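Okay, here's what each chain looks like letter by letter:
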Amino acid sequence: MTKTVYLITGPSGSGKTCLAGHLASQGYQTIDADSTPGLCFFVNKNNKPVPRPANTDAAWWQTHNYVWELDRLAKLINSLEPTNQPVFLCGNAGNIHKAWDLFTTVFYLDIPTDIIQQRIAAGNHDHNFGQGVDEKAQLIRWIEPFKEQMLKLGAVSIDASRPVPVIAKDIANRTKNKA
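All values reported here derive from a predicted model rather than from experimental measurement.

Trainee: What exactly am I supposed to notice about the overall build of the protein chain here?
Mentor: A count of helical and extended segments in the protein chain gives six helices and eight strands. Looking at the 179 residues of the protein chain, the share that counts as buried comes to 41%. Here the analysis covers contacts within the protein chain between residues at least 6 apart in sequence; of these, 78% occur between residues at least 24 apart. Within the structure as shown, the protein chain displays about 9400 Å² of accessible surface, and the carbon and sulfur contribution to it stands at 50%.

Trainee: Can you walk me through the nonpolar core in this structure?
Mentor: The biggest cluster of nonpolar side chains holds 43 residues, and the ones touching the most others in it are Ile8, Trp68, Leu73, Leu89, Phe103, Leu109 and Ile171. Contributing elements (two or more residues each) for this core: strand 1 (5-9), helix 1 (16-25), helix 3 (70-79), strand 6 (87-90), strand 7 (105-110), helix 4 (113-122), helix 5 (133-153) and helix 6 (164-175). Discounting residues that sit within four places of it in the chain, Leu73 has contacts with Leu39, Trp68, Leu89, Ala99, Leu102 and Phe103.

Trainee: Can you help me understand the sheet that holds strand 3 (residues 40-44) in this one?
Mentor: Taken in spatial order, the three strands line up as 4-3-5 in an open sheet, and their pairing is antiparallel. On the outer flanks of this sheet lie strand 4 (49-50) and strand 5 (64-68), each paired with one strand and no other. Across two bridges, the pairing between strand 3 and strand 4 is antiparallel. Residue pairing in the sheet places Phe42 in a bridge with Val50 of strand 4.

Trainee: Would you explain the environment of Gln62 in this entry?
Mentor: By the element assignment, Gln62 lies in helix 2 (residues 58-62). The exposure class of Gln62 is exposed, given its relative accessible area of 66%. Considered as a pair, Gln62 and Asn44 are 18 residues apart in the sequence and their alpha carbons are 9.3 Å apart.

Trainee: Explain the sheet that holds strand 6 to me, please; I cannot follow it from the model alone.
Mentor: Note on sheets: strands pair through backbone hydrogen bonds, and any given pair is parallel or antiparallel. Strand order in the open sheet formed by five strands is 2-6-1-7-8, and the pairing between neighbours is parallel. This sheet does not close on itself; its edge strands, each paired only once, are strand 2 (29-32) and strand 8 (156-159). This sheet shows a mean twist of 25° between the axes of neighbouring strands, independent of strand direction. When strand 1 meets strand 6, the two strands line up parallel, connected through four bridges. Looking across to strand 6, one finds that Val5 is bridged to Val87.

Trainee: How do you make sense of the side chain of Asn92 when you look at a structure like this?
Mentor: Turning to its location among the elements, Asn92 is positioned in the loop between strand 6 and strand 7. Within polar-contact distance, the side chain of Asn92 engages the backbone oxygen of Gly10 at 3.1 Å. In this structure, Asn92 is in contact with Thr9, Gly10, Pro11, Lys16, Tyr66, Trp68, Trp142 and Phe146, ignoring residues within four places of it in sequence.

Trainee: Before we go on, may I ask you to explain the environment of Lys176 in this structure?
Mentor: Structurally, Lys176 is set in the segment after helix 6. Of the residues examined, Lys176 reaches a relative accessible area of 48% and is grouped as partly exposed. Remark: the alpha-carbon pair of Lys176 and Gln85, spanning 91 residues in sequence, is separated by 8.8 Å.

Trainee: I keep staring at the pairing of strand 7 and nothing clicks. Help me out?
Mentor: Burial within strand 7 is extensive, with five of its six residues counted as buried. For strand 1 and strand 7, the ladder comprises four bridges, and the chain directions are parallel. Looking at strand 7, one finds that Tyr6 is bridged to Thr105. The pairing of strand 7 with strand 8 spans four bridges and is parallel. Bridging across to strand 8, Phe107 finds its partner in Val156.

Reading the values: rules and limits
Positions within a chain are numbered from 1, following the residues in the order the chain's sequence is written. Local features are withheld for residues below a pLDDT of 70 in this predicted model, meaning they are given only at 70 or higher, and side-chain atom pairs are given and counted only at 80 or more; totals for whole chains, interfaces and linings count all residues. Values reported for side chains reflect all heavy atoms of the structure, with hydrogen atoms and water molecules removed beforehand. The helix count covers DSSP runs of H or I at least four residues long, the strand count covers runs of E at least two residues long, and both are numbered beginning at the N terminus. Three labels apply to residues, based on accessible area from a 1.4 Å probe with only protein chains included: buried if under 20% of the type maximum, exposed if over 50%, partly exposed otherwise in between. Between two residues, a contact is recorded if the distance between any of their heavy atoms is within 4.5 Å. Where accessible areas are quoted, they stem from the Shrake-Rupley method and a 1.4 Å probe; at the residue level, only the protein chains shown are allowed to cover. For the purposes of this section, nonpolar cores are sets of buried Ala, Val, Leu, Ile, Met, Phe, Trp, Tyr and Cys residues that join through side-chain atoms within 4.5 Å. At least two bridges found by DSSP between two strands are what make those strands a pair. A fitted line through C-alpha atoms serves as each axis, taken over the contacting stretch for helices, and the angle formed by two N-to-C directions is quoted from 0 to 180°. Side-chain atoms alone can form a polar contact between residues adjacent in sequence; in general such a contact is a pair of N or O atoms within 3.5 Å, and within protein one must be able to donate a hydrogen while the other accepts it.

Right, here's the structure in full:
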């Protein structure tokens with residue numbers, strides 16, 4: 001048996017949490033990074049943890065970032081029992097590039113900006129980033145540079161405009177000969 005852990009990432013509203021839920025319902029072990037206690041937090045420009053204010057503005061986002069606690073992430077992955085099935089970690093963080101080697105493959109959920117804006121406007125997702133006016137603008141400014149970074153690092157682009165079961169099947173099929 002082996003331990004293969006895949007990262008599914010993308011911008012807010014791309015479907016990471018929905019995919020985690022769907023993959024779990026199909027019997028895959030999944031980890032929603034945002035819902036894992038102590039794994040994600042905000043830092044200031046000096047990398048010191050800080051609470052996120054209720055109303056963040058563009059100035060706040062210029063000097064703050066959402067990151068993973070890398071030691072905790074590595075310990076979490078190392079604690080997983082080897083299995084013949086892939087494990088999926090779904091999430092995003094400003095220091096994702098520092099965790100890259102922890103994953104067999106990184107899948108980037110590529111989705112048009114207008115669909116992300118529709119999903120955020122609907123407000124029916126588990127996480128609330130993008131609800132504030134400045135956060136929406138921040139998200140839109142951030143999407144293309146993040147996509148470019150992920151693809152440059154070697155992420156596999158996944159069309160995330162399709163229905164969740166189709167996306168999940170596509171990703172699961174791409175993991176088949178790697179477990």
